[in-house]
Amino acid sequence: MAPPRNVVKIAVQMPDAIPQLIRLDQAKPLAAVLKEVCDAWSLDHSECYALQFADGHRRYITENNRAEIKNGSILCLSTAPDLEAERLLHGLQNGSRERRRETLHHLVLLAPDVTFAQEVISRDGLQRLGTIIEDGDDLGEVLTLALRAFLELMEHGMVSWETLSIPFVRKVVGYVNMNLMDASVQPLALRLLESVTLSSPALGQLVKSEVPLDRLLVHLQVMNQQLQTKAMALLTALLQGASPTERKHMLDYLWQRNLRQFIYKNIIHSATPLGDEMAHHLYVLQALTLGLLEPRMRTPLDPYSQEQREQLQALRQAAFQSEGESLGSGLSADRRRSLCAREFRKLGFSNSNPAQDLERVPPGLLALDNMLYFSRHAPSAYSRFVLENSSREDKHECPFARSSIQLTVLLCELLRVGEPCSETAQDFSPMFFGQDQSFHELFCVSIQLLNKTWKEMRATQEDFDKVMQVVREQLARTLALKPSSLELFRTKVNALPYGEVLRLRQTERLHQEGTLAPPILELREKLKPELMGLIRQQRLLRLCEGTLFRKISSRRRQDKLWFCCLSPNHKVLQYGDMEEGASPPTLDSLPEQLPVADIKALLTGKDCPHVREKGSGKQNKDLYELAFSVSYDHGEAEAYLNFIAPSKREFHLWTDGLSALLGSPMGSEQTRLDLEQLLTMETKLRLLELENVPIPEQPPPIPPPPTNFNFCYDCSIAEP
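Residues numbered from 1 in each chain as written. Predicted model: local features only at pLDDT ≥ 70, side-chain atom pairs only at ≥ 80, totals over all residues. Heavy atoms only, no water.

Under the criterion given, the structure shown has 18 aromatic pairs. With centroids separated by 5.1 Å and ring planes inclined at 35°, the aromatic side chains of F150 and F168 adopt a geometry described as tilted. With F150 in helix α6 (residues 141-154) and F168 in helix α7 (residues 166-177), this pair connects stretches of sequence that are 18 residues apart. Here F374 and Y382 contribute two aromatic rings whose centre-to-centre distance is 6.0 Å and whose plane-to-plane angle is 85°, an arrangement assigned as edge-to-face. (Phe/Tyr/Trp six-rings, centres within 6.5 Å; stacked < 30°, edge-to-face > 60°. Helix = DSSP H or I, 4+ residues; strand = E, 2+ residues; numbered from the N terminus.)

Structure, rendered in structure tokens:
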């Protein structure tokens, strides 16, 4: 007879004792369960004990999380969290150096547990750890363990980072600035200062004033990937907390100190693979640097500005030697203005007064900056572009100014200039760190590509929007390849002419549409169930392989990882925390389990509880697109297991797999694409023998029945 649903069979162990196999009634109070366990081992004062999970982080069992105990779970009897916290904190205050080290090591192991953390924090544990960190009597393992324990306790969010004292922050800053510091201390100190900077503007200003940029550059140049990552994290946090003017000064100084070249040569092209966290910080650094262009992009040209008028005249003079200038000052003012207006028209402005074209924002003055940069740094290409098109009279001229203005808008959209930094994105371009003035240099390549594409399309003024669509596609496809240098970008984008774009469009359209003949459509419908079964099988296999997910908090991007996979029998989701860079864990090493039978629903996007309260800003759009949760019964309440997928593809694979487990249809975009690809391949294989044979729209007519059936043989008549 099966046990009741609220009764689970578990093992409880204790050092130097024979383990107990018990039937745990989840309806019974936890205190009563503890009393029975203690009585079986003849232990008095059951209130001094608590149950913990035996594996993983050895979390304490409470009334809130006891529903996570499943059949076959192994628990251990240990000291109650309040007594354990009291014992450890007493050891910190009165113990010898060796006992203090052992106490801190034990504290680090238990600190991730929220129940234990509450007890430690309520007994002024953070203050005691802060005293150890401030005293700095031991700059080795003791300080490392104290910093780790402090960070683990603060990560629970029970105490605000703004409550930290200025002397404490200054002491941690001292560890960052100190030479010959233990290699394990400085990454933790940098991580602590990053959290302070992101959470407290006042303390962030203190960190900014106390940590020189040169010191962070020294840490970045140390061939220690963990130290480099944490130094880059603090650097991007300081940049994000700075005002636009301060950010510009800081970035200018960093570029002067050759940070860009160092990142390009020693981080991006390092022999060690780039970690996810470093990729995110490089994305943030790229976004903040491109964000310096936003004020120019949002500022229209001022027709009363003498400087801007002179820049426009310099642009015109670089392309034309006007008649008024070649003849000296012999022309009247009206004649001179007429010549200038005509030359601005030849330059490609839509109005004789170019200020009217540049009043549009975006791109505002950024378009003028791009045109001036092109004219000064590629004068021969600039003159050839303008003169080649201004002398044509067959309506096929490509307007330089109009093209430059629209191209600047296009580049700002592709590179997301002015958009807030994403909390999880890692989509940085290596080319950005391989070139000074990367945006303007990219414009120089793109404007010449536009002229080339214009001629290939034999476009006229009426085709301007069509040309810009093709150029957008050329640039987007090439940027998606992440070329490592501007020269490689130039090579790849020029190898994508208009004819190749048309071919790619046609190929993609054929892959998407396939043939529309009714017999083929009927064949495809018959093939769909079998192919959907293959896709379902692939999704479940992917879930069995497992995926490494990153934990995201509402405050900032965390660097903690956890792994989740489906058991081979498709009955249990197994998951647990793990360190970055570690090999994939085995099923036996994953401490947490969630039976598939307990899952009630799959939630995605804004319906997920872990992104529901984060607002609707642009910076959270990527979280909505990658977030999904599964809801399950947690005692009488409803609980959630929350995910942030590392990529859109992983999001589709996991939501499809979970939908398949729940018996729901797999409706992701990836399923549609996979099904279409499989249908196309299978259809082509079935039709190989009919190559070059026309398939009729309608089946051939059925012929009329014969006038008699005398040709039929009666099998019932036995032969003699």
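Where helix α28 (residues 518-545) meets helix α31 (residues 648-661), the axes come as close as 8 Å, and the angle between the chain directions of the two elements is 110°. As judged from the angle between their axes, α28 and α31 are roughly perpendicular. Here α28 contributes R536, Q538, R539, L540, R542 and L543 to the contact with α31, which in turn contributes E650, H652, L653, W654, D656, G657, L658, A660 and L661. When grouped by side-chain class, the residues that make up the contact of α28 with α31 number seven nonpolar, three polar and five charged. (Axes fitted to C-alpha atoms, helices over the stretch in contact; angles between N-to-C directions. Parallel < 35°, antiparallel > 145°, perpendicular 65-115°, else oblique. Contact = heavy atoms within 4.5 Å. Nonpolar A, V, L, I, M, F, W, Y, C, P; charged D, E, K, R; others polar.)

This brings us to the domain arrangement of the protein chain. For the protein chain, the assigned domains read domain 1 (7-79), domain 2 (82-287), domain 3 (298-320 + 336-508) and domain 4 (529-674). Averaged C-alpha coordinates put domain 2 and domain 3 at centres separated by 44 Å. Listed per partner, the contact involves 16 residues of domain 2 and 18 residues of domain 3. Taken as a group, R260, Y283 and Q286 account for 43% of the area that domain 2 buries against domain 3, more than any other trio of residues on that side. There are one salt bridge connecting domain 2 and domain 3. Residue D436 pairs with R260 through a salt bridge whose shortest N-O separation is 2.8 Å. At the boundary of domain 2 and domain 3, one finds six residue pairs in polar contact (both at pLDDT 80 or more). For the side of domain 2 that touches domain 3, the leading source of residues is helix α14 (residues 276-291), giving nine residues. (Domains from an automatic or database assignment. Buried area = accessible area lost by both parts, 1.4 Å probe. Salt bridge = Lys/Arg side-chain N within 4 Å of Asp/Glu carboxyl O. Polar contact = N/O pair within 3.5 Å; in protein donor to acceptor, adjacent residues only side chain to side chain.)

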